[in-house]
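# Analysis of the macromolecular model
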Amino acid sequence: MNTMNDTNKTENTNSNKDSASNPVLAFCLNLGATLRYFWQSYVIRVAATSWKRCLAACFLALLLGAMLALPGLAFILVLTTLLVKCIVPQAVKAVEVIEQDGRE
């Protein structure tokens, strides 16, 4: 059991040294963590939004994408939003349970 803890400490120390000595690796790790945080926040927001508000936002996003000459980007954003809204309705229940329990 002691060797397992020593091994984990050694691996953690090595990974900290690698990321500290390599700024590109540290940047990529930070970027990945940031993207993951934004994706999770986006999914929770979309799942908590009503269908009426979600469709209105999608329509406005398509209009804005057409005005800015970025219809492909707007279409991908709308498609992603609708897929998340259809696939992840359980996220709202999970968030409500977490808020009621006081856990994070």
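To keep things clear, this report deals only with the structure shown in the data block. Since the structure is predicted, the reported quantities are computational estimates derived from the model, not experimental observations.

The subject of this paragraph is the layout of surface pockets. Once rolled over the atoms, a probe with the size of a water molecule shows which space is left empty. By volume, the largest pocket is sized at about 160 Å³. Along its surface, the largest pocket is lined by Tyr42, Arg45, Val46, Thr49, Arg53, Cys54, Ala57, Cys58, Ala61, Leu77, Val78 and Thr81. The set of elements that each furnish at least two residues to the lining of the largest pocket consists of α2 (23-48), α3 (51-67) and α4 (71-87). The dominant element in the lining of the largest pocket, judged by the number of residues it contributes, is α3, at five residues. For the lining of the largest pocket, the per-class residue count stands at eight nonpolar, two polar and two charged.

Right, let's get into the packing of aromatic side chains. On inspection of all chains with the given rule, the structure shows two aromatic pairs. Consider the rings of tryptophan 39 and tyrosine 42, whose centres lie 5.7 Å apart with planes at 40 degrees: the pair is tilted. One end of the pair is tryptophan 39 and the other is tyrosine 42, both in helix α2 and three residues apart, which spans about a single turn. Among the residues examined, tryptophan 39 registers a relative accessible area of 46% and is labelled partly exposed. The exposure class assigned to tyrosine 42 is partly exposed, which follows from its relative accessible area of 23%. Its end group placed over the ring of tryptophan 51, lysine 85 keeps NZ or CZ at 5.6 Å from the ring centre.

To continue, consider the packing of α3 against α4. Between α3 and α4, whose axes approach to 8 Å, the crossing angle comes to 170 degrees. Judged on the interaxial angle alone, α4 and α3 are roughly antiparallel. When the axes of α3 and α4 are compared, the crossing they make is left-handed. Across from Trp51, Cys54, Leu55, Cys58, Ala61, Leu62 and Gly65 in α3, the residues of α4 making contact are Pro71, Ala74, Phe75, Val78, Thr81, Leu82, Lys85 and Cys86. Of the residues that constitute the contact of α3 with α4, the class distribution is 12 nonpolar, two polar and one charged.

Calculation criteria
- Residues numbered from 1 in each chain as written.
- Predicted model: local features only at pLDDT ≥ 70, side-chain atom pairs only at ≥ 80, totals over all residues.
- Heavy atoms only, no water.
- 1 Å grid on protein atoms, 1.4 Å probe; cavity = no way out; pocket = protein on both sides within 12 Å on 5 of 7 lines; lining within 4 Å.
- Points joined across faces, edges and corners; volume = space filled by probe spheres on them.
- Helix = DSSP H or I, 4+ residues; strand = E, 2+ residues; numbered from the N terminus.
- Nonpolar A, V, L, I, M, F, W, Y, C, P; charged D, E, K, R; others polar.
- Phe/Tyr/Trp six-rings, centres within 6.5 Å; stacked < 30°, edge-to-face > 60°.
- Buried < 20%, exposed > 50% of the residue type's maximum accessible area, 1.4 Å probe, protein only.
- Lys NZ or Arg CZ within 6 Å of the ring centre and 35° of its normal.
- Axes fitted to C-alpha atoms, helices over the stretch in contact; angles between N-to-C directions.
- Parallel < 35°, antiparallel > 145°, perpendicular 65-115°, else oblique.
- Left-handed = near helix turned anticlockwise from the far one by under 90°.
- Contact = heavy atoms within 4.5 Å.

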